[in-house]
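Chain and residue survey
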Amino acid sequence: MDGTAIMQGVATIFIAQLSGADLTVLQLITVVTVAVIASVGTAGVPGVGLIMLAMVLTAVGLNPAAIGIILGIDRLLDMTRTAVNITGDAACALILSEREGKKLKGNMHVE
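Notes on the structure follow. Keep in mind it's a predicted model, so treat the numbers as computed, not measured. (Residues numbered from 1 in each chain as written. Predicted model: local features only at pLDDT ≥ 70, side-chain atom pairs only at ≥ 80, totals over all residues. Heavy atoms only, no water.)

Section: helix 1 (residues 2–19)
Here helix 1 contains 18 residues, and its C-alpha end-to-end distance of 26 Å stays within 8% of the 26 Å for a straight helix at 1.5 Å per residue. Residues Thr4, Ala5, Met7, Gln8, Gly9, Ala11, Thr12, Ile15 and Ala16 constitute the buried set of helix 1. Contacts from the buried residues of helix 1 go to helix 2 (25–40), helix 3 (48–59) and helix 4 (71–99). Gly20 lies just past helix 1 and shows a positive phi near 80°. (Helix = DSSP H or I, 4+ residues; strand = E, 2+ residues; numbered from the N terminus. Expected span 1.5 Å × (residues − 1). Buried < 20%, exposed > 50% of the residue type's maximum accessible area, 1.4 Å probe, protein only. Contact = heavy atoms within 4.5 Å.)

If you want it as structure tokens, here you go:
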């Protein structure tokens, strides 16, 4: 979920600038921390990025209703982020499988 975590930071700064709010260094650290922790614990499914963004915005004291500003373009970006995230997960699973010496054939492991 790296792409989603990065999007959280960019979207939060964008929304803060549009709202006229200056984020402090502590708030920026909070954005990074919450976005990374949330991205680790979230499933790689489409649409979850906006829910995570609401959590990040709330953590730094911004209005989650401002998500409506990016809602129009988020669907296209979300599909791309999901594809990248799932591809990364599949690549890691393949690398680990090869390192363990197991070949995948259908749904069965062959040693």
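So, next bit.
Details of the nonpolar core
Ranked by size, the top nonpolar core spans 16 residues in total, and within it Ala11, Ile15, Leu53, Leu57, Leu62 and Ile67 carry the most contacts. The contact partners of Leu57, leaving out residues within four places of it in the chain, are Thr12, Ile15, Leu62, Asn63, Pro64 and Ile67. (Core = buried A, V, L, I, M, F, W, Y, C linked by side-chain atoms within 4.5 Å.)

Points about the packing of helix 1 against helix 3
Relative to each other, helix 1 and helix 3 sit at 50°, their axes nearing to 10 Å. By the angle between their directions, the pair helix 1 and helix 3 is classed as oblique. The two elements helix 1 and helix 3 cross, and the hand of that crossing is right-handed. On the side of helix 1, the interface is formed by Thr4, Met7, Gln8, Ala11, Thr12 and Ile15, while helix 3 contributes Gly49, Met52, Leu53, Val56 and Leu57. (Axes fitted to C-alpha atoms, helices over the stretch in contact; angles between N-to-C directions. Parallel < 35°, antiparallel > 145°, perpendicular 65-115°, else oblique. Left-handed = near helix turned anticlockwise from the far one by under 90°.)

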